[in-house]
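Given next are the chains, with one letter for each unit.
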Amino acid sequence: MGKHVTRIILIYTGFCFLREMGFRVPLLIRGLPAFPDWQDSAGILLALSGFFIFMLYPISAYVVFSRYFRPRKRKAFLYWFLSFSFIIFIRYGVEELIFPGLFQFRNYNENTSLVYYYVDNVFYACLYSAIGAVYFFVQRDREHQLEAAQLQLAGKQTELSFLRSQINPHFLFNNLNNIYSLVYHQSDQSLNAIAKLSDLLRYMLYDSNEKVPLQKELDYIHKYLELQQMRFGMQAPAHVEIKGEAGNAGIPPLLLIPFVENAFKHGDMKNGNTILIRLHTDEAMIRFTVINTIGQQQKDSGGGIGLENVRRRLELLYPGRHTLQVQKTRDIFEVQLEIPR
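Let us look at the structure shown here. If you're wondering where the values come from, they're calculated on a predicted model, not measured in any experiment.

1. Quick notes on the pattern of salt bridges
Item 1. In this structure the tally under the stated criterion is eight salt bridges.
Item 2. A salt bridge links Glu 241 to Arg 278, with the nearest nitrogen and oxygen atoms 3.3 Å apart. Of this pair, Glu 241 sits in strand β2 (residues 238–243) while Arg 278 sits in strand β4 (residues 275–281), and the two are 37 residues apart along the sequence.

Structure (structure tokens):
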């Protein structure tokens, strides 16, 4: 609260300065006396007391609203009314009782009643209290906007975590099926495949931060391809084309692999068909393309979560700043992704 009170004091001081300039500059232009006589001690003392007493209006308004407005609005307005009434009586005591007793001068006429004094000061109380009240409501609105933004961000982070958690079992399920096939056929590559899968899981569990170096994601894809080569034999089922330098580019982890997984899962690897994986990078963009021949075999009834998963992650991570194009012909399935570097 201390920093807000300091800001209110600065706003109040600026308001008083502008008010005085608005009153005195026209007098200067007309050649009339614009500044008080520094020999007039009574006028100077009244001005100083008024400055500091009026400062209490915005401060008290902010303190009252900040403490009582949220739980009970009516109580806040009641306490605000009581606070500025109390300040009016403070001013009355200083200027109409203490000053006459000590310095033999007062601000109002000697015959001014307390009721008239109070009513006359309500205008000033409302005017200067408005500074603190407006500041409170502006600050409150900003806090609500910040809370809403934080809740939205927390929701996005939760959804991203959920989407990434979907990738892990999906990936594990597919590759365990492949390793099962190797073990079933008593392939010499079974143990090697398990070791490769262990490396991939280590990346997924321990190396996947909010962003990872692009090169690390590429290494992950290469290890995945090595695992698939064991499945299809020594003949490489994919061709990787990399153009440009990864440099210090960062990328959300496990963003590219679902496209490659999808190509292996639904692609036709017979008759020498090869999956084309192309990565082009420049100073501004990362472009990733996967092209595969469409297989004619029956797909699993569960469909797949890969592409829809990545599509939603992209909407959360790069809203309005990415391009994902999926093109499907009779024989070819192509995915093109562009994201800012």
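Resuming the write-up.
2. Looking at the packing of aromatic side chains
Item 1. Under the criterion given, the structure shown has 31 aromatic pairs.
Item 2. Between the aromatic rings of Phe 99 and Phe 103, the centroid separation amounts to 5.8 Å while the plane-to-plane angle is 70°, which identifies the pairing as edge-to-face. Residue Phe 99 and its partner Phe 103 are located together in helix α3 (residues 73–103), separated by four residues, close to a single helical turn.
Item 3. Phe 99 gets classed as buried once you look at its relative accessible area, which sits at 7%.
Item 4. On the numbers, 5.8 Å between centres and 75° between planes, the contact of Tyr 224 with Phe 264 is edge-to-face. Within this pair, whereas Tyr 224 is found in helix α6 (residues 214–232), its partner Phe 264 is found in helix α7 (residues 257–266), the two being separated by 40 residues in sequence. Comparing Tyr 224 with Phe 264, the two get one shared label, buried.
Item 5. Within the aromatic cluster, the residues linked to one another by ring pairs are Tyr 62, Phe 65, Phe 69, Phe 77, Trp 80, Phe 81, Phe 84, Tyr 135, Phe 136 and Phe 137.

3. A short note on unusual backbone geometry
Item 1. With a phi angle near 60°, Gln 104 is a residue other than glycine that sits in the positive phi range.
Item 2. Of note, Gln 104 is situated in the loop between α3 and α4 (114–184).
Item 3. A positive phi angle, near 60°, is found at Leu 254, a position not held by glycine.
Item 4. Inspection of the secondary structure puts Leu 254 in the loop between β3 (250–251) and α7.
Item 5. Overall, the relative accessible area of 0% leaves Leu 254 in the buried class.

4. Structural notes on helix α1 (residues 2–29)
Item 1. Taking 1.5 Å of rise per residue, the 28 residues of α1 would be expected to cover 40 Å, and the 40 Å separating its terminal C-alpha atoms lies within 8% of that figure.
Item 2. Its axis deflected by about 25° at Gly 22, α1 carries its strongest bend there, up to four residues before the proline Pro 26.
Item 3. Listed as buried for α1 are His 4, Ile 8, Tyr 12, Cys 16, Arg 24 and Leu 27.
Item 4. Once α1 finishes, Gly 31 follows within two positions and takes phi at roughly 80°, a positive value.

5. Comments concerning a nonpolar patch on the surface
Item 1. Residues Tyr 68, Leu 78, Tyr 79, Phe 81 and Leu 82 make up a contiguous nonpolar surface patch of about 440 Å² in total accessible area.
Item 2. Mapped onto the fold, Leu 78 is located in helix α3.
Item 3. Leu 78 gets classed as partly exposed once you look at its relative accessible area, which sits at 45%.

6. Regarding the sheet that holds strand β5 (residues 285–293)
Item 1. Overall, mixed pairing links the five strands, which are arranged β2-β4-β5-β7-β6 in an open sheet. Unpaired on one side and paired on the other, β2 and β6 (323–328) mark the two borders of the sheet. Direction aside, neighbouring strands of the sheet carry axes that sit 10° apart on average.
Item 2. One ladder, built from nine bridges, connects β5 with strand β7 (residues 332–340); its direction is antiparallel. Among the inter-strand pairings, Arg 287 is bridged to a residue of β7, identified as Glu 338.
Item 3. Packed onto the sheet, α7 meets β2, β4, β5, β6 and β7 and runs at close to 5° relative to β5.

7. Some thoughts on the nonpolar core
Side chains that are nonpolar tend, in soluble globular proteins, to be buried together.
Item 1. Counting residues in hydrophobic clusters, the biggest one holds 44 residues, and the most contacted among them are Leu 214, Phe 259, Val 260 and Phe 288.
Item 2. Going through the elements one at a time, α4, α5 (190–207), α6, α7, β4, β5, α8 (306–317) and β7 are the ones with two or more residues in this core.
Item 3. By residue number, the principal contributor to this core is α6, which donates eight residues.
Item 4. Once you skip the residues sitting within four places of it in the chain, Phe 288 turns out to touch Ile 221, Leu 256, Phe 259, Val 260, Ile 277, Arg 278, Leu 279, Val 335, Gln 336 and Leu 337.
Item 5. Counting 28 residues, the second largest nonpolar core, distinct from the first, contains Ile 8, Tyr 57, Tyr 62 and Ala 133.

About the criteria used
- Each chain has its residues counted from 1, following the order in which its sequence is written.
- Totals for whole chains, interfaces and linings use every residue, but because this is a predicted model, local features are given only for residues with pLDDT of at least 70 and side-chain atom pairs only at 80 or more, for both listing and counting.
- The basis for every side-chain value is the complete set of heavy atoms in the structure, and neither hydrogens nor water enter the calculation.
- Any Lys or Arg side-chain nitrogen found within 4 Å of a carboxyl oxygen on Asp or Glu counts as a salt bridge.
- Each helix is a run of DSSP H or I of at least 4 residues and each strand a run of E of at least 2, with the numbering of both proceeding from the N terminus.
- Pairing of aromatic rings covers Phe, Tyr and Trp, the last counted by its six-membered ring, and requires centre-to-centre distances within 6.5 Å; plane angles under 30 degrees mean stacked, over 60 mean edge-to-face, and any other angle means tilted.
- The buried label goes to any residue with under 20% of its type's maximum accessible area, the exposed label to any with over 50%, and the partly exposed label to all in between, with areas taken from a 1.4 Å probe on protein chains only.
- A helix is expected to span 1.5 Å for every residue after the first.
- Bending is quantified residue by residue as the angle between axes fitted to the seven-residue window ending at that residue and the seven-residue window starting at it.
- Here a patch means residues that are over 30% exposed by relative accessible area and free of salt bridges, tied together within 9 Å if like-charged and within 5 Å if nonpolar (Val, Leu, Ile, Met, Phe, Trp, Tyr).
- Here, Shrake-Rupley sampling with a 1.4 Å probe gives the accessible areas, and only protein chains in the shown set may cover a residue.
- Here a strand pair is declared whenever DSSP counts at least two bridges between the two strands.
- Angular values range over 0 to 180 degrees, each being the angle between N-to-C directions of two axes fitted as lines to C-alpha atoms, with helices fitted over their stretch in contact.
- The contact criterion used is simple: two residues touch if any of their non-hydrogen atoms lie within 4.5 Å.
- Buried Ala, Val, Leu, Ile, Met, Phe, Trp, Tyr and Cys residues form a nonpolar core when they are joined through side-chain atoms within 4.5 Å.

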